[in-house]
Amino acid sequence: MWTARVFTLYPEIFPGPLNKGLYGKALEKKVWNLEVVNIRDSAEDKHKTVDDTPFGGGSGMLLKPDVLGKSIDSNIKKGERIFYLSPKGKKFDQKIAKEISEEKTINLICGHFEGIDERILSTRNIEEISIGDYILSGGESASFVVIDVVLRLLPGVLGNKISKDEESFENGLLEYPQYTKPQIWEKQSVPEVLLSGDHAKIKDWRLSQSKDITRRRRPDLWKKYLDKEKK
Ligand code: SAH
């Protein structure tokens, strides 16, 4: 059973959106598991202090390494990977998601305030991942993103409902346009080729649409795709 263990100051917001629809059912059926650790439980003073001001000055507060360290040490098991959601991290993508989906248990640390004390990262061998070039107020929404992406990849979560292989990014291209009933809606018909029943032709059309949209919208992905095709 794939397990996500989330370290947070706001345990009450979990499982939140991860409890909806097929993800909720899969959670109930124990296809995956969510463990939520309240970082504050590891604070030792009577005020349960978790943060302090940065040395050298500056605005905001940092999560204290002693509190976070204790929280991590008393909850993770040897060999498990630990990720800190961080704008400075490696950019999270479908490839990293696949890698994470193959782990048995992953740990996600949600920062807050200005972030966390740097020393925790090296002493606990923590990998930093970012969900994009912007600053969130906390790591929780980023952890929802990471877990959401990984759950789609786990066998038994979406069942046969989605053909993952044809989704955006799987072959390095964005997805082709899709249509459902009614066939004509607001005087707009769906592309003729999709009604032809000719599977080879449909496949060709979809691939050319995928290429077209990727070339126009994501020159970066398009270049990577062309380079791969050349090899
Ligand atoms: N001062 C930090 C930002 C802190 S934001 C800096 O400039 O790098 C507060 C918390 O939100 C972070 O500790 C982190 O856990 C989370 N966070 C913010 N932006 C994020 C992003 N793009 N990806 C992942 N986590 C993010």
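Criteria and cut-off values
- Residues numbered from 1 in each chain as written.
- Predicted model: local features only at pLDDT ≥ 70, side-chain atom pairs only at ≥ 80, totals over all residues.
- Heavy atoms only, no water.
- Helix = DSSP H or I, 4+ residues; strand = E, 2+ residues; numbered from the N terminus.
- Rg over C-alpha atoms; globule rule 2.2 N^0.38 Å.
- Contact = heavy atoms within 4.5 Å.
- Areas by Shrake-Rupley, 256 points an atom, 1.4 Å probe, with all protein chains shown as cover.
- Lys, Arg positive; Asp, Glu negative; His and termini not counted.
- Charge placed at Lys NZ, Arg CZ, Asp CG, Glu CD.
- Domains from an automatic or database assignment.
- Near = heavy atom within 4 Å.
- Polar contact = N/O pair within 3.5 Å; in protein donor to acceptor, adjacent residues only side chain to side chain.
- 1 Å grid on protein atoms, 1.4 Å probe; cavity = no way out; pocket = protein on both sides within 12 Å on 5 of 7 lines; lining within 4 Å.
- Sits in = over half its atoms within 2 Å of the grid points.
- Nonpolar A, V, L, I, M, F, W, Y, C, P; charged D, E, K, R; others polar.

In terms of helices and strands, the chain carries seven helices and 10 strands. For 231 residues, the compact-globule formula gives about 17 Å, and the C-alpha radius of gyration of the chain, at 22 Å, lies well above that figure. Its C-alpha atoms give the chain principal-axis dimensions of about 70 × 40 × 40 Å. Partitioning the contacts of the chain with sequence separation of at least 6, the portion at a separation of at least 24 is 75%. Put simply, the chain shows about 14,400 Å² of open surface, and 51% of that area lies on carbon and sulfur atoms. Considering the chain, the positive charge centre built from 39 side chains and the negative charge centre built from 36 side chains are found 4 Å apart.

Structurally, the chain comprises domain 1 (2-151) and domain 2 (166-230). A separation of 36 Å is found between the C-alpha centroids of domain 1 and domain 2.

In the vicinity of the ligand lie 20 residues, with Tyr84, Leu85, Glu114, Gly132 and Tyr134 positioned nearest. One of the backbone nitrogen or oxygen atoms of Tyr134 is found 2.9 Å away from a nitrogen atom of the ligand. Coverage of the ligand by the protein amounts to 88% of the 560 Å² it exposes when considered alone. Structurally, the ligand is housed in the second largest pocket. If you list the elements that add at least two residues to the shell around the ligand, you get β5 (81-91) and β8 (126-130). The element best represented in the shell around the ligand is β5, accounting for four residues. Here the shell around the ligand is built from residues that sort into 10 nonpolar, nine polar and one charged.

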